[in-house]
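Residues per chain, in single letters:
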Amino acid sequence: MTLLRAYLRGLREGRFILGYTLLLCLTLFIVAPFLMIVLRSVGKGWFARLWLPPQLTLDWYRWAIEVGNIPEVMKNTLIIGAIAVAISTIIGIFAGWAFGRRHLPGKEILMAIILLPRMIPPITYALGVARIFYAMDLVDTYFGVALAHVSVCAPYAILVLSATFESLDERVLEAAAVCGANTIKRFFYVVLPLIMPGILASMLFSFTSSYNEFTLTLLTYGPHTVTLPVRTYLAVGDGYWEITSAMAVIMVVPSLFILATIQRRAKPEKLVGGFKGV
């Protein structure tokens, strides 16, 4: 509503008309697909070129939960995401300290290698991962799918935590050492509280990446490790568009919750630096 009022005020005053118009069009372009999915998930008898469904129903959500086995699929998704977040955070802490606090030879090359899975087409990397995991019997296991997700989650954790470690004030660490704190105490009583905002930020990004990951999951999952994105894709293949739309709405709820948390708790321009009030 604020954007709409600003747009109307701009039209009345004759200022920033082009800017507000482009911004409004971009907003509609982004929001319209989500609106169509929501309407499709509650619409009944919506065929041909009708702009709106003639009837509304929640039956598709019931079918999505029962036929799609959403509770089991959601459990798989959360377990895999939790494992991926834990591994990525541990890697991010140690690698982030090395990148942020140490002068590593070839640091740029190492960072480029870490970011490589995010830079190349996902299917290219996923094919190689699937071949290795089949040979190691890691396919259709929680740990195996989560380990595949780590390759795309860990880069976020390393980027966030390396910036967090780099921003630490060296004088605080020196003061702790002068007061007699050894390395372990300095980490747990000084460093850890200071980097906790960065850890929380990296965990949010890692979980979101794991939760939304599709390509790696598709090539490493099995009957016991179906995740929500894969289950939604399989429903598309079955032709159940209304049920698929209901699954898509269910799938997007946690992502919206995380986005709202980030927007409320973090300054977008200083997201790497941490959260407010933590």
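Note that the structure is a prediction, hence the values are computed from the model and not measured. Every chain is numbered independently, its residues counted from 1 as its sequence is written. Where totals are concerned, whole chains, interfaces and linings use all residues; where local detail is concerned, this predicted model gives features only for residues with pLDDT of at least 70, and gives and counts side-chain atom pairs only at 80 or more. Side-chain figures throughout are based on the complete set of non-hydrogen atoms in the structure, without hydrogens or water.

### Some details on helix H9 (residues 183–212)
- Secondary structure elements are defined from DSSP: runs of H or I of at least 4 residues count as helices, runs of E of at least 2 residues count as strands, and each element is numbered from the N terminus. For a helix, the expected span equals 1.5 Å multiplied by the residue count minus one. The end-to-end C-alpha distance of H9, which contains 30 residues, comes to just 38 Å, noticeably less than the 44 Å that a straight helix rising 1.5 Å per residue would cover.
- At Leu192, H9 shows its largest kink, close to 55°, and the proline Pro193 lies no more than four residues downstream.
- The opening residue of H9, the one whose side-chain oxygen lies 3.3 Å from the backbone nitrogen of Ile184, is Asn182. What is called the bend at a residue is the angle between a pair of axes, fitted to the seven residues leading up to and ending at it and to the seven starting from it. Any N or O atom pair separated by 3.5 Å or less is treated as a polar contact, with the protein-specific requirement of one donor-capable and one acceptor-capable atom, and with residues adjacent in sequence counted only for side-chain atom pairs.

### Let's talk about the pattern of salt bridges
- Any carboxyl oxygen of Asp or Glu that lies within 4 Å of a side-chain nitrogen of Lys or Arg is treated as forming a salt bridge with it. Considering all chains together, one arrives at 5 salt bridges under this definition.
- Across the salt bridge formed by Glu242 and Arg40, the nearest N and O atoms sit 3.8 Å from each other. Of this pair, Glu242 sits in helix H12 (residues 241–265) while Arg40 sits in helix H2 (residues 17–42), and the two are 202 residues apart along the sequence.
- You can call Glu242 buried: its relative accessible area is 18%. Whether a residue is buried, partly exposed or exposed follows from its accessible area with a 1.4 Å probe, protein chains only, as a fraction of its type maximum: under 20%, in between, or over 50%, in that order.

### Looking at the packing of helix H5 (residues 107–119) against helix H7 (residues 142–166)
- Helix axes are fitted to C-alpha atoms over the stretch in contact, other axes to C-alpha atoms as well, and angles between N-to-C directions run from 0 to 180 degrees. For the pair H5 and H7, the least separation of the axes is 8 Å and the interaxial angle reads 135°. By the angle between their axes, H5 is oblique relative to H7. In the crossing of H5 with H7, the sense of the turn from one axis to the other is left-handed. Seen from H5, the contacting residues are Met111, Ile114, Leu115, Pro117 and Arg118; seen from H7, they are Ser151, Val152, Pro155, Tyr156, Ile158 and Leu159.
- Ten residues, namely Ala, Val, Leu, Ile, Met, Phe, Trp, Tyr, Cys and Pro, are considered nonpolar, four, namely Asp, Glu, Lys and Arg, are considered charged, and the remaining ones, Gly among them, are considered polar. A class-by-class count of the residues in the contact of H5 with H7 yields 9 nonpolar, 1 polar and 1 charged. The scheme is simple: roughly parallel for angles under 35 degrees, roughly antiparallel for over 145, roughly perpendicular for 65 to 115, oblique for anything else. Helix crossings fall into two classes, left-handed where the near helix is turned counterclockwise from the far one by less than a right angle and right-handed where it is turned clockwise. Only heavy atoms enter the contact rule, under which two residues are in contact if any of them lie within 4.5 Å.

### Thoughts on the packing of aromatic side chains
- Classification of ring pairs uses Phe, Tyr and Trp, with its six-membered ring standing for Trp, and accepts pairs whose centres are within 6.5 Å; under 30 degrees between planes counts as stacked, over 60 as edge-to-face, and the remaining range as tilted. In this structure the tally under the stated criterion is 5 aromatic pairs.
- Arranged with centres 5.3 Å apart and planes meeting at 85°, the rings of Trp97 and Phe165 form a pair that is edge-to-face. Residue Trp97 is found in helix H4 (residues 70–101), and its partner Phe165 is found in helix H7; the two are separated by 68 residues along the sequence.
- Measuring from ring centre to ring centre gives 5.2 Å for Phe187 and Phe188, while their planes differ by 85°; the resulting arrangement is edge-to-face.
- Ring-over charges, as used throughout, are those where CZ of Arg or NZ of Lys falls within 6 Å of the ring centre and within 35 degrees of the ring normal. Above the face of the Trp97 ring, Arg101 is positioned so that its terminal group lies 5.8 Å from the ring centre.

### What to know about the confidence of the model for the chain
- For the chain, per-residue confidence averages 83 on the pLDDT scale, and 87% of positions sit at 70 or higher.
- When the elements of the chain are averaged for pLDDT, helix H1 (residues 2–13) gives the smallest value, 62, and helix H10 (residues 215–220) the largest, 94.
- Per-residue confidence from the predictor is reported as pLDDT, which spans 0 to 100. With pLDDT under 50 throughout, residues 271–278 is counted as low confidence; its partners more than four residues away or in other chains account for 26 contacts.

### Focus on the nonpolar core
- Residues enter a nonpolar core if they are buried and are Ala, Val, Leu, Ile, Met, Phe, Trp, Tyr or Cys, with the set joined through side-chain atoms within 4.5 Å. Core analysis: the biggest nonpolar cluster contains 20 residues, and Tyr61, Tyr211, Leu228, Met247 and Ile250 have the highest contact counts within it.
- At the level of secondary structure, the elements contributing two or more residues to this core comprise helix H3 (59–66), H4, H9, helix H11 (228–238) and H12.
- For this core, the leading source of residues is H12, giving 7 residues.
- Tyr61 has contacts with Ser41, Val42, Ala246, Val249 and Ile250, leaving out every residue within four places of it along the chain.
- Grouped together as the second largest cluster of nonpolar side chains are 15 residues, Ile80, Leu138, Val139 and Val150 included.

### Description of the packing of H4 against H9
- At a closest axis distance of 8 Å, the pairing of H4 and H9 adopts a crossing angle of 135°. Considering the angle they form, H4 stands oblique to H9. Where H4 crosses over H9, the two elements pack in a sense that is right-handed. Contacts between H4 and H9 involve Met74, Thr77, Leu78, Ile80, Gly81, Ala84, Val85, Ser88, Thr89, Ile93 and Trp97 on the former and, on the latter, Phe187, Val191, Ile199, Met203, Ser206, Phe207, Ser210 and Tyr211.
- For the contact of H4 with H9, the per-class residue count stands at 13 nonpolar, 6 polar and no charged.

### Some remarks on unusual backbone geometry
- A positive phi angle, close to 60°, is found at Asp137, a residue other than glycine.
- As for its position among the elements, Asp137 is in the loop between helix H6 (122–135) and H7.
- Residue Asp137 is classed as exposed on the basis of its relative accessible area, which comes to 63%.
- A positive phi is found at Asp140, a non-glycine position, where the angle reads about 65°.
- Within the element layout of this structure, Asp140 appears in the loop between H6 and H7.

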